[in-house]
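Take a look at the letters that make up each chain.
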Amino acid sequence: QLQLVESGGGLVQPGGSLRLSCAASGFTLDYYAIGWFRQAPGKEREGVSCISRSGSTINYADSVKGRFTISRDNAKNTVYLQMASLKPEDTAIYYCAVAKTGSYCPRGEQDFGSWGQGTQVTVSS
């Protein structure tokens, strides 16, 4: 069924950049909104960004707005999260997930499913 795999995480210095990828298999990505989430040690998982089916609607958390960019390439069945000006507080495991609502971004993480395994992002000097 629906399966997502995150990649692209790693260790980066503050101010650096990373691009995360969320690759889909078992379904056609061109049908669903896709969200990025993250969970830091000892903290609740939080929403980072979401992109609608067509890419025309994009949401960002206030904490990453202006620094992160979400995009999608439906031909490659992949959603990306370009992360720039990274801060130590961005350190977390980053997950992508499928919107249960289908084409449009819902408001809460309870409306997402088919979570990937996550990719670790560590921002440290």
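See above for the structure.
Residues numbered from 1 in each chain as written. Predicted model: local features only at pLDDT ≥ 70, side-chain atom pairs only at ≥ 80, totals over all residues. Heavy atoms only, no water.

**A few points about the overall build of the chain**
Stage number 1. Along the backbone of the chain there are 0 helices and 11 strands.
Stage number 2. Reading the chain from its N end, one meets helices and strands in the order β-β-β-β-β-β-β-β-β-β-β.
Stage number 3. For the chain, the C-alpha radius of gyration of 13 Å lies close to 14 Å, the compact-globule estimate for 125 residues.
Stage number 4. Considering only C-alpha atoms, the chain reaches an extent of 40 × 25 × 25 Å along its principal axes.
Stage number 5. Counting every position in the chain, which comprises 125 residues, the buried fraction comes to 46%.
Stage number 6. Accessible area of the chain: about 6400 Å², with a carbon and sulfur share of 45%.
Stage number 7. Charge centroids of the chain, computed over 12 positive and 10 negative side chains, lie 3 Å from each other. (Helix = DSSP H or I, 4+ residues; strand = E, 2+ residues; numbered from the N terminus. Rg over C-alpha atoms; globule rule 2.2 N^0.38 Å. Buried < 20%, exposed > 50% of the residue type's maximum accessible area, 1.4 Å probe, protein only. Areas by Shrake-Rupley, 256 points an atom, 1.4 Å probe, with all protein chains shown as cover. Lys, Arg positive; Asp, Glu negative; His and termini not counted. Charge placed at Lys NZ, Arg CZ, Asp CG, Glu CD.)

**Here we look at the state of the cysteines**
Stage number 1. In the structure shown here, the tally under the stated rule is 2 disulfides.
Stage number 2. Covalently, Cys22 is tied to Cys96 through a disulfide, its sulfur atoms 2.1 Å apart. Across the disulfide from Cys22 to Cys96, rotation about the S-S bond amounts to roughly 85°, and the bridge is consequently right-handed. Taken as a pair, Cys22 in strand S3 (residues 18-25) and Cys96 in strand S9 (residues 92-99) lie far apart in primary sequence, 74 residues in all. The exposure classification of Cys22 matches that of Cys96, with both residues buried. (Disulfide = S-S within 2.5 Å.)

**Some thoughts on the pattern of salt bridges**
Stage number 1. Taken as a whole and assessed by the stated rule, the structure comprises 6 salt bridges.
Stage number 2. In this structure, the salt-bridge partner of Arg53 is Asp30, at a minimum N-O distance of 3.3 Å. With Arg53 in the loop between strand S5 (46-51) and strand S6 (58-60) and Asp30 in the loop between S3 and strand S4 (34-39), the pair connects residues that are 23 residues apart, well separated along the chain.
Stage number 3. We classify Arg53 as partly exposed; its relative accessible area is 34%.
Stage number 4. With relative accessibility at 34%, the residue Asp30 sits in the partly exposed group.
Stage number 5. Glu109 is paired through a salt bridge with Arg45; the nearest N and O atoms lie 3.1 Å apart. In this pair, Glu109 is assigned in the loop between S9 and strand S10 (112-113) and Arg45 in the loop between S4 and S5, connecting sequence segments 64 residues apart.
Stage number 6. Taking the relative accessible area as the measure of exposure, Glu109 reaches 28% and is therefore partly exposed.
Stage number 7. Exposure remark for Arg45: the relative accessible area of 26% places this residue in the partly exposed category.
Stage number 8. A single salt-bridge network, built from bridges that share partners, covers Arg38, Glu46, Arg67 and Asp90. (Salt bridge = Lys/Arg side-chain N within 4 Å of Asp/Glu carboxyl O.)

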